[in-house]
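# Tertiary structure, described
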There are 2 protein chains.
Amino acid sequence: MAGTNRRRLRIAEGPAVILVEPQLGENIGTAARAMLNCGLGELRLVKPRDGWPNDKAITSASGADIVVNGATLFPSIEDAMADLRHVYAATARNRHMVKRILTPDVAAREIRGYMSAGESCGILFGPERTGLTSDQTSLAETVITVPLNPAFSSLNLAQAVLLLGYEWFRIADATPAEALHVGHSRPATQAEFERFFDHLEEELILNGFLRDREKRPSMVRNLRSLFLRAQCTEQELRTLHGVVTAFAGPRRRVEKKKPGR
Amino acid sequence: MAGTNRRRLRIAEGPAVILVEPQLGENIGTAARAMLNCGLGELRLVKPRDGWPNDKAITSASGADIVVNGATLFPSIEDAMADLRHVYAATARNRHMVKRILTPDVAAREIRGYMSAGESCGILFGPERTGLTSDQTSLAETVITVPLNPAFSSLNLAQAVLLLGYEWFRIADATPAEALHVGHSRPATQAEFERFFDHLEEELILNGFLRDREKRPSMVRNLRSLFLRAQCTEQELRTLHGVVTAFAGPRRRVEKKKPGR
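Here's a quick rundown of the structure. Computed from a predicted model, the values in this text were never measured in an experiment.

## Focus on the packing of helix α1 (residues 25-37) of chain A against helix α7 (residues 157-171) of chain A
Residues and elements named next belong to chain A. Contact geometry for α1 and α7: axes closest at 8 Å, N-to-C directions at 15°. Judged on the interaxial angle alone, α7 and α1 are roughly parallel. Helix-helix and strand crossings are classified by hand; for α1 and α7 the assignment is right-handed. Contacts from Asn-27, Thr-30, Ala-31, Ala-34 and Met-35 in α1 reach Leu-157, Ala-158, Val-161 and Leu-162 in α7.

## A closer look at the layout of surface pockets
When its volume is computed, the largest pocket comes out at roughly 980 Å³. In this structure, the largest pocket is lined by 35 residues; those nearest its centre are A:Glu26, A:Asn27, A:Thr30, A:Asn156 and B:Thr30. Among the secondary structure elements, those contributing two or more residues to the lining of the largest pocket are α1, α2 (55-60) and α7 of chain A together with α1 (25-37), α2 (55-60) and α7 (157-171) of chain B. Taken together, the residues that form the lining of the largest pocket break down as 10 nonpolar, 16 polar and nine charged.

## Side note on the pairing of strand β6 (residues 121-125) of chain B
Residues and elements named next belong to chain B. Counted residue by residue, β6 has five buried out of five residues, so it is predominantly covered. The alternating pattern of β6 places Cys-121, Ile-123 and Phe-125 and Gly-122 and Leu-124 on opposite faces, both of which are buried. Sheet analysis places strand β4 (residues 86-90) next to β6, joined by five bridges and oriented parallel. From the neighbouring strand, His-86 faces β6, where its bridge partner is Cys-121.

The rules behind the values
- Here the residue index of a chain counts from 1 through its sequence in written order.
- Each chain takes a letter, starting from A, and each ligand takes a number, starting from 1, following the order in which they are written.
- Whole-chain, interface and lining totals are the exception, using all residues; otherwise, since this is a predicted model, local features are given only for residues with pLDDT of at least 70 and side-chain atom pairs are given and counted only at 80 or more.
- Side-chain figures throughout are based on the complete set of non-hydrogen atoms in the structure, without hydrogens or water.
- Interaxial angles span 0 to 180 degrees and are taken between N-to-C directions of axes, which are lines fitted to C-alpha atoms, for helices over the stretch in contact.
- Secondary structure counts use DSSP, requiring at least four H or I residues in a row for a helix and at least two E residues in a row for a strand, with both numbered from the N terminus.
- Orientation is classified from the angle alone, with under 35 degrees giving roughly parallel, over 145 giving roughly antiparallel, 65 to 115 giving roughly perpendicular, and any other angle giving oblique.
- Take the far helix as your reference; a near helix turned counterclockwise from it by less than a right angle gives a left-handed crossing, and one turned clockwise gives a right-handed crossing.
- Any two residues whose heavy atoms approach within 4.5 Å at even a single point are treated as in contact.
- Lining residues are those with an atom within 4 Å of a point, where the points come from a 1 Å grid over the protein atoms alone and group into cavities, where a 1.4 Å probe fits but cannot get out, or pockets, open sets with protein on both sides within 12 Å along at least five of seven lines.
- Grid points are joined across faces, edges and corners, and a volume is the space filled by probe spheres set on the points.
- For this classification, Asp, Glu, Lys and Arg are treated as charged, while Ala, Val, Leu, Ile, Met, Phe, Trp, Tyr, Cys and Pro are nonpolar and the rest, including Gly, are polar.
- Relative accessibility under 20% of the residue-type maximum defines a buried residue, over 50% an exposed one, and the middle range a partly exposed one, all with a 1.4 Å probe and only protein chains included.
- Following DSSP output, two strands are said to pair if at least two bridges run between them.

The quantities given are spatial measurements derived from coordinates; they are silent on function.
Laid out in structure tokens, this is it:
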């Protein structure tokens, strides 16, 4: 799925993503892509195993070069955290430490709150194979754990970055929960709908489908209900007018000009 | 991060994940891993480019073999959908089609509802490079679009599967939004806290820190507030008792036995 670079890049002021000793360049790239998907731009790397810069990171970022190229390198986790006010550790492990553990959505909300009060935040992610050590986790104020299948909760590094980024993004996102995409058209007005339905009903009387006068009202109600449920656009109603006319055929079209019922 | 296979695998009755013409085995494997992370087990593959079975899919599933090995192969998207009652298309593209578009959380809620009423559901995901075509999308009842950075909304295949699976999982998940992990200990009682605080205050009087009788009440209040805020466990209070005793030194320990104040 190609990125839509025509629209302006929108990188909001978000938490720093701190990858601690990441092993594979591919994962750094995929994490960077996930960050940009969610409008996050600040990537910090602590001792990436295969050095930096890393070609594989660029390739797998699939266009999120702005994040990869802007990444900052740090010699230690403490250095990477030094200027931050609130640091979170993303880890699924229960350790013998007394720490607040938040779900991603609650953590994201807290981070939004801190950052809008001018307090910088960052999230630590451990190496692919082992995750954060207990010592590394202990440096963070709070733990974030993604609730997942307890029998299989080990998340890929980029997947973990994505889920936290996604929760962060969606808080400020105003996409309606449900929308009807109407393409180039617009939803039909009630008058347009009635005009179509009159047309349909007229033809169904002419072709004999509604000949049973007793059953007619309920059949009409059912048909009306079906077409209303479809929430047609103005364009679709025009198509439906055409369909009805086509079914009616040339003979009907002539008859239609006479008084119908 | 190693999986915890000790706990029983928990695969709930969830929607089928239908990968349409997936290109890379790696992505099929990573998608399978994401599915199992979210308790989804039913993977359907429509004409995977590199054939099936695929070794790379197994490797990158990182243990989610149960999903990869259980995948069903279909010759066409229509075959893969045939037995399902509600089919959703995961796509970010706005097409000239009149379709309901849901956010992942609302779609997940709808799918839960349908499935608990016994109506089977599936979600279509297109090939990595192009996503679903218009014709493929038109086969689905409803579109699911993940709200993301409009300037960079192209999601990796496995990331798309993860986000939808995550929304599906979390609806039935009862993880508290915030928890305090207390390890092997338990939160201290108020009485235990007061015993510690008495000990601390006593020593601070003995060592002269609280010698200023006028300032003492506010200093004590501030200290009390700080330690209360930390919400100590019973084990931590015992550690703090030890810390205070160690600071007091042997001389103090003797003095303590005399009436303190």
